[in-house]
Amino acid sequence: MRIAVLGVGLIGGSIGLAARGRSQASVAGFDPDRTTLDRAVEEGAIDVAAGSVGEACEGAEVVFCAAPVAGLAELAAAALEACGPDTVVTDVGSTKRDIVAALGADERFIGGHPLAGAETSGVENARADLFEGARWYLTPTPKTGGLLYDRVQRAISEIGARPQAIEAETHDRLMATVSHLPHVLANVLVTQAATALSEEAEHLPEVGPSFRDATRVAGANPAIWGDIFDGNREAVAAEIDGVVARLTETADLLRSGDSGAVAAWHEQAGRRRRELIEAEIAGGPLHELRVLVPNRPGIVAEVALELGRAGVNIEDMALYPAPDMTSGAISLYVAGDEEADRAEQLVRELGHDVSRAE
């Protein structure tokens with residue numbers, strides 16, 4: 001497979017390293033910073049340093065756009081203009097609504113977001129194992145080409161990640177809660193502590209490990225996070241409003257002096273944290289579900305999104321068009337007996353025939 005990576009920093013460089021190392025893909029790279037591009041060649045992240053977006057995209061089957069959020073729509077649009085009808089273009093931005101609204105009418109564009117990163121930045125810190133086992137969200141639309149979706153999810157699987165379909169707006173609400181809000185809270189907590197220190201006549205004790213853990217991401221990469229907060233401002237602001245309401249309830253609980261209720265609140269938080277973390281660990285035998293579908297635009301996205309909404313993870317997928325191209329089959333690979341049962345039921349509820357391969 002030949003892929004193009006537009007933007008060869010930490011994420012783009014890691015895509016290149018993983019694609020070259022795991023799937024033996026040929027990788028062309030482009031970056032507006034020539035020094036970064038040359039470093040990507042030195043680090044082995046790309047095979048070819050292209051002089052333009054068009055040159056990088058020439059002959060590519062999959063194009064990954066890995067620029068800052070504010071510039072992704074323009075970059076992806078340039079890639080779509082340079083690519084032919086059989087090339088799929090995706091991005092790695094952590095907000096999806098705006099870019100999908102801008103480009104989602106083109107069947108070749110599928111928004112993406114890997115839940116992977118590092119404290120460091122730059123191609124010199126890229127790693128071939130950065131995406132190993134990481135969730136990688138994809139945001140297909142009713143316009144998305146089925147074969148193109150299959151190609152991009154397969155390319156992502158081959159570099160070690162776990163693709164999952166999700167609607168763009170659902171993605172942004174989810175990320176506002178589990179990714180963007182923690183950065184807001186870390187920033188607020190640091191400001192609160194700094195204000196308390198300045199107001200105290202006596203020096204407060206040095207901060208403990210809980211403070212350091214809770215504020216690790218405070219102030220992280222202001223340029224990148226400024227774009228993220230701006231791109232997802234409504235969803236993040238709504239989550240902040242929700243937290244304010246919960247903090248007010250918690251303040252009332254603490255003032256009540258009901259030690260039993262406070263202990264129960266604290267214990268419940270610990271239990272919920274364990275449940276959230278355990279939900280990330282998928283396991284069990286892999287089941288193949290063969291789904292018979294009509295050959296019409298958006299059918300693959302429809303099935304993938306329905307399973308994604310229900311939290312069923314598709315570990316792999318394959319398409320088998322019928323000889324007359326009027327229908328076809330989708331093979332879905334789902335891990336775990338219960339997950340496979342749920343997937344089978346959901347597909348039947350969509351009105352499609354489904355069988356489980358033995």
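See above for the structure.
Please read all numbers here as calculations on a predicted model, not as lab measurements. (Residues numbered from 1 in each chain as written. Predicted model: local features only at pLDDT ≥ 70, side-chain atom pairs only at ≥ 80, totals over all residues. Heavy atoms only, no water.)

A. Highlighting the packing of aromatic side chains. In total, this model carries three aromatic pairs according to the counting rule given. Ring centres 5.4 Å apart and planes at 50° place the aromatic pair Trp225 and Phe229 in the tilted group. Of the two residues, Trp225 and Phe229 both sit in helix H9 (residues 222–231), four residues apart, roughly one turn of that helix. Among the aromatic residues, ring-to-ring pairing joins Phe64, Phe131 and Trp136 into one connected group. One Lys or Arg, Arg290, reaches over the ring of Tyr320 and ends 4.6 Å from the middle of that ring. (Phe/Tyr/Trp six-rings, centres within 6.5 Å; stacked < 30°, edge-to-face > 60°. Helix = DSSP H or I, 4+ residues; strand = E, 2+ residues; numbered from the N terminus. Lys NZ or Arg CZ within 6 Å of the ring centre and 35° of its normal.)

B. View of the nonpolar core. One finds Ile15, Trp136, Met317, Ile330 and Leu332 to be the most contacted residues of the largest nonpolar core, which totals 55 residues. Excluding residues that lie within four positions of it along the chain, Ile15 makes contacts with Ile3, Val5, Phe64, Val92, Phe131 and Trp136. In this structure, Cys65, Ala79, Val100 and Ala168 belong to the second largest nonpolar core, which totals 22 residues. (Core = buried A, V, L, I, M, F, W, Y, C linked by side-chain atoms within 4.5 Å. Buried < 20%, exposed > 50% of the residue type's maximum accessible area, 1.4 Å probe, protein only. Contact = heavy atoms within 4.5 Å.)

C. A look at helix H10 (residues 233–256). When the terminal C-alpha atoms of H10 are compared, their 35 Å separation across 24 residues agrees well with the 34 Å that a helix rising 1.5 Å per residue should span. Of all the positions in H10, only Ala235, Val236, Val243, Thr250 and Leu253 are classed as buried. (Expected span 1.5 Å × (residues − 1).)

D. The arrangement of the pairing of strand S8 (residues 162–165) in detail. Covered by surrounding structure in S8 are Arg162 and Gln164 together with Pro163 and Ala165, the residues of both alternating faces. In this fold, strand S7 (residues 135–139) hands off to helix H6 (residues 146–158), which returns the chain to S8; that crossover is right-handed. (Right-handed = clockwise from strand over helix to strand, strands pointing away.)

E. How the structure looks around the sheet that holds S8. The mixed open sheet is built from eight strands, whose spatial order is S3-S2-S1-S4-S5-S6-S7-S8. Looking at which strands have only one partner, the edges of the open sheet turn out to be strand S3 (48–49) and S8. As paired elements, strand S2 (residues 26–30) and S3 share two bridges and run parallel to each other. Within the sheet, the bridge partner assigned to Gly29 lies in S3 and is Ala49. Sheet strands in contact with helix H4 (residues 69–82) are strand S1 (2–6), strand S4 (62–65), strand S5 (88–91) and strand S6 (109–114), and its direction is about 160° off that of S4. (Pairing = 2+ DSSP bridges. Axes fitted to C-alpha atoms, helices over the stretch in contact; angles between N-to-C directions.)

F. Focus on the pairing of strand S11 (residues 327–335). Extensive coverage of S11 is indicated by the burial of eight of its nine residues. The pairing of strand S9 (residues 286–294) with S11 spans nine bridges and is classified as antiparallel. By the bridge assignment for S11, Glu288 is matched with Tyr333. Where strand S10 (residues 314–321) meets S11, seven bridges bridge the pair, whose relative direction is antiparallel. Of the residues in S11, the one forming a bridge with Pro321 is Gly328. Where S10 hands over to S11, the hairpin turn is made up of five residues, of which Met325 adopts a positive phi near 65°.

G. Molecular detail of the pattern of salt bridges. A complete count under the given rule lists 21 salt bridges for this structure. The partner of Arg290 in a salt bridge is Glu288, and the shortest N-O contact between them spans 3.5 Å. Here Arg309 makes a salt bridge to Glu306, at a shortest N to O gap of 2.7 Å. Remark: Glu306 and Arg309 occur in helix H12 (residues 299–309); sequence separation between them is three residues, near one turn of the helix. (Salt bridge = Lys/Arg side-chain N within 4 Å of Asp/Glu carboxyl O.)

H. Main features of unusual backbone geometry. In this structure, Gln24 takes a positive phi of about 55° despite not being glycine. Tracing the chain through its elements places Gln24 in the loop between helix H1 (10–22) and S2. The exposure class of Gln24 is exposed, given its relative accessible area of 60%. Residues other than glycine seldom take positive phi values, yet Asn221 does so here, at roughly 30°. With respect to the helices and strands, Asn221 occurs in the loop between helix H8 (209–214) and H9.

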